[in-house]
Amino acid sequence: MPERRRGAALEKALLDAAWEELTANGYARFTMDAVVKRAGTSPPVLYRRWPDRDELVRATITHVLQQNRVDTPDTGSLREDVLTLMRTINATRVEAITLMSVHLAGYHQETGTSPGDLLAAGHEKSADVLFDRAVDRGEITPEHLSERIKSLPYDLLRHEILTTFAPVPDHVLEEIVDTIFLPLLR
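Procedures and definitions
Residues numbered from 1 in each chain as written. Predicted model: local features only at pLDDT ≥ 70, side-chain atom pairs only at ≥ 80, totals over all residues. Heavy atoms only, no water. Helix = DSSP H or I, 4+ residues; strand = E, 2+ residues; numbered from the N terminus. Buried < 20%, exposed > 50% of the residue type's maximum accessible area, 1.4 Å probe, protein only. Contact = heavy atoms within 4.5 Å. 1 Å grid on protein atoms, 1.4 Å probe; cavity = no way out; pocket = protein on both sides within 12 Å on 5 of 7 lines; lining within 4 Å. Points joined across faces, edges and corners; volume = space filled by probe spheres on them. Nonpolar A, V, L, I, M, F, W, Y, C, P; charged D, E, K, R; others polar. Salt bridge = Lys/Arg side-chain N within 4 Å of Asp/Glu carboxyl O. Polar contact = N/O pair within 3.5 Å; in protein donor to acceptor, adjacent residues only side chain to side chain. Axes fitted to C-alpha atoms, helices over the stretch in contact; angles between N-to-C directions. Parallel < 35°, antiparallel > 145°, perpendicular 65-115°, else oblique. Left-handed = near helix turned anticlockwise from the far one by under 90°. Core = buried A, V, L, I, M, F, W, Y, C linked by side-chain atoms within 4.5 Å.

(A) Representation of the side chain of threonine 60 within the structure. Along the polypeptide, threonine 60 turns up in helix H4 (residues 53-67). In this structure threonine 60 comes out as buried when scored by relative accessible area, which is 1%. Those residues in contact with threonine 60 that sit more than four places away from it in its chain are Leu15, Ala18 and Trp19.

Right, dumping it as structure tokens:
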């Protein structure tokens, strides 16, 4: 007889099962019953934690993002920090970005929750740390840092991934940083 899961171990097992169900079948076919079966548990165990599938999806995305957190680089320059972070995302997140965009389109339509909302719920912005360090080093001034400018290189990276469904060539990452992003900060 398998050992009974409790607390954090049970919650992790439920969220892992939900992620597996979501990536296997997409949001349109994602059901609480399917997660219950995949997790090998009972409906009350799941419904005590998440009253509906939308809340479970949000918790699942948050869980996956927290499990796959990317370390914030500290290379000593904003250019290299941004490129390092983009290269890490490019090397490790193409599949997740594509899956989330494709499988969660229905979720976004039904709930009005944007992909950015889910990403913000999942983790604090690593980029904010990069910009704070760059300001402290005197590389940039804070008045040039709107939220849109701070997110620009990562938005362009995500756009490239979603238009090619493949990792972005390094020369494109450098072009994004050197010819589009950094000139906006000067």
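(B) Highlighting the layout of surface pockets. Looking at the second largest pocket, its volume works out to about 190 Å³. Along the walls of the second largest pocket sit 10 residues, with Arg4, Arg5, Leu10, Thr41 and Val45 positioned nearest its centre. Residues that form the lining of the second largest pocket fall into these classes: 2 nonpolar, 3 polar and 5 charged.

(C) Highlighting the pattern of salt bridges. Evaluated as defined, the whole model comprises 14 salt bridges. Note that aspartate 16 is salt-bridged to lysine 12, the shortest N-O span being 2.5 Å. Of this pair, aspartate 16 and lysine 12 both sit in helix H1 (residues 7-25), separated by 4 residues, roughly a single helical turn. Across the pair arginine 79 and aspartate 178 runs a salt bridge whose closest N-O atoms are separated by 2.7 Å. In this pair, arginine 79 sits in helix H5 (residues 78-92) while aspartate 178 sits in helix H11 (residues 170-184), placing the two residues 99 residues apart along the sequence. Classification of arginine 79 by relative accessible area gives partly exposed; the value is 26%.

(D) Fine view of the side chain of aspartate 81. Within the secondary structure, aspartate 81 sits in helix H5. In terms of polar contacts, aspartate 81 uses its side chain to reach the backbone amide nitrogen of threonine 75, at 2.6 Å. Not counting the four nearest positions on each side in its chain, aspartate 81 is found in contact with Pro73, Asp74, Thr75, Gly76, Leu130 and Arg137.

(E) Just the packing of helix H10 (residues 147-164) against H11, in detail. Contact geometry for H10 and H11: axes closest at 10 Å, N-to-C directions at 155 degrees. Judged on the interaxial angle alone, H11 and H10 are roughly antiparallel. For the crossing formed where H10 meets H11, the hand is right-handed. In this structure, H10 contributes Ile149, Leu152, Pro153, Leu156, Leu157 and Glu160 to the contact, and H11 contributes Val172, Leu173, Ile176, Ile180, Phe181 and Leu184. For the contact of H10 with H11, the residue count by class is 11 nonpolar, no polar and 1 charged.

(F) A look at the nonpolar core. Judged by nonpolar contacts, the single largest core of 27 residues is most densely connected at Leu78, Val82, Met86, Tyr154, Phe181 and Leu185. Listed in part, the 25 residues of the second largest apolar core include Ala17, Leu22, Val35 and Val45.

Bear in mind that shape data such as this cannot, by itself, settle questions of function.
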